[in-house]
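Inside the fold
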Amino acid sequence: MKLLHTSDWHLGRAFHRVAMLGAQAEFIGHLVTTVRERGVDAVVVSGDVYDRAVPPLAAVELFDDALHRLADLGVPTVMISGNHDSARRLGVGAGLIGRAGIHLRTEPSACGTPVVLRDDFGDVAFYGLPYLEPALVKDEFAVDRPGHEAVLAAAMDRVRADLATRAGGTRSVVLAHAFVTGGEASDSERDITVGGVAAVPAGVFDGVDYAALGHLHGCQTITERVRYSGSPLPYSFSESDHRKSMWLVDLDADGAVTAERVDCPVPRALARIRGTLEELLADPGLARHEEAWVEATLTDPVRPADPMARLAERFPHTLSLVFDPERAPDDPDVSYAQRLAGRSDQEIAEDFVAHVRGAGPDEREQGVLRDAFDAVRADEAVREVAR
């Protein structure tokens, strides 16, 4: 069976205020063409179909167009909800849409109920594991302390239990939206840290033939059977080195996996350039970036006059301007934002406690902080879905 694995469409998202809907429509057309021309037997979409729980109408219309075009090809499609999606909204009409061969899996309780497709060698069971917010699904999966590894492991237990009841030789594919250990993140993914730990081990997916992952925006291979497709378009300058693609996966009669990357059309190259303003304006080596979307980091010790206007004369698609004067780490002018860069909410809170009273929080107090952050995250998830 030949599968096309994609994820993280983020329909409706902009790139530094540049509307991406046209590029997203071009990607949908590319996906449909790939399905038709490469003889794809099934499409899997591993979450974050939309960029937010209540997407703009134009994004919903594009999604509707994608569903119709895939259904017209007669190629089954399995989709799950991601952490950016409203599972309830995305799942509206799932039963009816399923009759057209588009299978939406948004309910955590249905993790162990697969979509079963057949090829010349028998059945392939597709298990959809939507994004599992630990604090919201801990009762469903009967875990003592909510955490990503605990709830995902419980969901996979259901998958393996169902698979054990099926005929010998049944092959299996799992769709999941999670941060798996070994994956490389970028700046454009929403943090899903719970209890200070976001990543789950790849071994959680042992026992299935292929795990089609979503959430991380870079295409990457965790193991031969566990892969991220990445997002089809760039959504932050941290993705400037990404090669945007989908996985074309062959699942043979014995469940062995071979995979090929299929490149996606990208509307414009990304470039990150750094130096003083005069250096950036004069450097002939930067000519190759003059038509790219540019993030420019200026290292001038004093902020120059009209830097964006001057940069735009050479780099008309400059979208982001960062000031990072080259100073010693102990310079009092080093910005607060720079001091916090790369630190989690938990770490920032613990540093604040240490600053106020002269000693950091003990183990019990760290637990209180973790629980507080987890409660806020769960409350935000509930309120976003209820909007």
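The chain is annotated in an unreviewed UniProt entry as Nuclease SbcCD subunit D of Streptomyces cyaneochromogenes. You can read under Subunit (unreviewed entry) in the UniProt record for the chain the words "Heterodimer of SbcC and SbcD." Under the heading Function (unreviewed entry), UniProt records this for the chain: "SbcCD cleaves DNA hairpin structures. These structures can inhibit DNA replication and are intermediates in certain DNA recombination reactions. The complex acts as a 3'->5' double strand exonuclease that can open hairpins. It also has a 5' single-strand endonuclease activity."

Moving on, we come to empty space enclosed by the protein. What the rule picks out here adds up to 2 cavities of 30 Å³ or more. Its volume calculated, the largest cavity comes out at about 40 Å³. Taken together, P130, L132, H148, V151, L152, H177 and A178 form the lining of the largest cavity. Of the residues belonging to the lining of the largest cavity, the class tally is 5 nonpolar, 2 polar and no charged. The calculated volume of the second largest cavity comes to roughly 30 Å³. Lining the second largest cavity we find Y50, R52, A53, P55, D85, S86, R89 and L90.

Turning our attention to the nonpolar core. In this structure, L129, F141, V174 and F205 are the most contacted members of the largest nonpolar core, which totals 30 residues. Of all the secondary-structure elements, those providing two or more residues to this core are β8 (122-129), α6 (148-164), β9 (171-177), β12 (210-214) and β14 (226-228). Here the element with the most residues in this core is α6; it accounts for 7 residues. Filtering out sequence-adjacent residues up to four positions away, L129 remains in contact with I80, C111, L152, A155, M156, V159, V174, L175, A176 and H177. Within the second largest apolar cluster, 28 residues are counted, among which are L4, V40, L70 and V75.

Take the domain arrangement of the chain next. You can read the domains of the chain as domain 1 (2-263), domain 2 (270-326) and domain 3 (345-386). The distance between the C-alpha centroids of domain 1 and domain 2 comes to 37 Å. Per-residue buried area on domain 1 facing domain 2 is highest for V18, F237 and S240; these three make up 57% of the total on that side. Run the count over domain 1 and domain 2 and you get 0 salt bridges.

Residues D41, D120, D250, D252 and D254 make up a contiguous surface patch of negative charge. Considering the arrangement of structural elements, one finds D41 in the loop between α1 (21-37) and β4 (42-46). Here D41 falls in the partly exposed class, since its relative accessible area comes to 37%.

The next subject is the packing of aromatic side chains. Inspection of the entire model under this criterion finds 4 aromatic pairs. With 5.4 Å between their ring centres and 65° between their planes, Y50 and F63 make a pair best called edge-to-face. Of this pair, Y50 sits in the loop between β4 and α2 (57-73) while F63 sits in helix α2, and the two are 13 residues apart along the sequence. Three or more aromatic residues joined by ring pairs make a cluster, and in this case those are F15, F237 and W293. Sitting over the face of the ring of W247, R227 holds its NZ or CZ atom 4.5 Å from the ring centroid.

A word on α6. The periodicity of an α-helix, 3.6 residues per turn, causes residues three or four places apart in sequence to face the same way. The terminal C-alpha atoms of α6, which comprises 17 residues, lie 24 Å apart, in line with the 24 Å expected from a rise of 1.5 Å per residue. Within the sequence span of α6, burial applies to H148, V151, L152, A154, A155, M156, V159, D162 and L163. The secondary structure elements touched by the buried residues of α6 are β8, α5 (134-137), β9 and β11 (199-200).

All right, on to the state of the cysteines then. Under the definition given, this model contains 0 disulfides. Take C219: it sits in no disulfide, and the sulfur closest to it among the cysteines is that of C264, at 8.9 Å. On the basis of relative accessible area, C219 is assigned to the buried category, the value being 17%.

Most of β4 sits out of view: 5 of its 5 residues are buried. On β4, burial covers both faces: A42, V44 and S46 on one face and V43 and V45 on the other are all buried. Pairing of strand β1 (residues 2-6) with β4 involves 4 bridges; the strand directions are parallel. Residue T6 lies in a different strand from β4, and its bridge partner there is V45. Taken together, the 4 bridges between β4 and strand β5 (residues 77-80) define a ladder with parallel strand orientation. Looking across to β5, one finds that S46 is bridged to I80. As a crossover connection, the stretch from β4 through α2 into β5 is right-handed.

Take the pattern of salt bridges next. In the structure shown here, the tally under the stated rule is 17 salt bridges. Note that R69 is salt-bridged to D65, the shortest N-O span being 3.5 Å. Of this pair, R69 and D65 both sit in helix α2, 4 residues apart, which is roughly one turn of that helix. A relative accessible area of 33% means that D65 is categorised as partly exposed. Here E278 and R310 are joined by a salt bridge, their closest N and O atoms 2.4 Å apart. Of this pair, E278 sits in helix α7 (residues 277-282) while R310 is found in helix α8 (residues 307-314), placing the two residues 32 residues apart along the sequence.

The rules behind each value
Residues numbered from 1 in each chain as written. Predicted model: local features only at pLDDT ≥ 70, side-chain atom pairs only at ≥ 80, totals over all residues. Heavy atoms only, no water. UniProt positions renumbered as here; feature names shortened; annotations may be inferred. 1 Å grid on protein atoms, 1.4 Å probe; cavity = no way out; pocket = protein on both sides within 12 Å on 5 of 7 lines; lining within 4 Å. Points joined across faces, edges and corners; volume = space filled by probe spheres on them. Nonpolar A, V, L, I, M, F, W, Y, C, P; charged D, E, K, R; others polar. Core = buried A, V, L, I, M, F, W, Y, C linked by side-chain atoms within 4.5 Å. Buried < 20%, exposed > 50% of the residue type's maximum accessible area, 1.4 Å probe, protein only. Helix = DSSP H or I, 4+ residues; strand = E, 2+ residues; numbered from the N terminus. Contact = heavy atoms within 4.5 Å. Domains from an automatic or database assignment. Buried area = accessible area lost by both parts, 1.4 Å probe. Salt bridge = Lys/Arg side-chain N within 4 Å of Asp/Glu carboxyl O. Patch = residues over 30% accessible without salt bridge, like charges linked within 9 Å, V, L, I, M, F, W, Y side chains within 5 Å. Areas by Shrake-Rupley, 256 points an atom, 1.4 Å probe, with all protein chains shown as cover. Lys, Arg positive; Asp, Glu negative; His and termini not counted. Charge placed at Lys NZ, Arg CZ, Asp CG, Glu CD. Phe/Tyr/Trp six-rings, centres within 6.5 Å; stacked < 30°, edge-to-face > 60°. Lys NZ or Arg CZ within 6 Å of the ring centre and 35° of its normal. Expected span 1.5 Å × (residues − 1). Disulfide = S-S within 2.5 Å. Pairing = 2+ DSSP bridges. Right-handed = clockwise from strand over helix to strand, strands pointing away.

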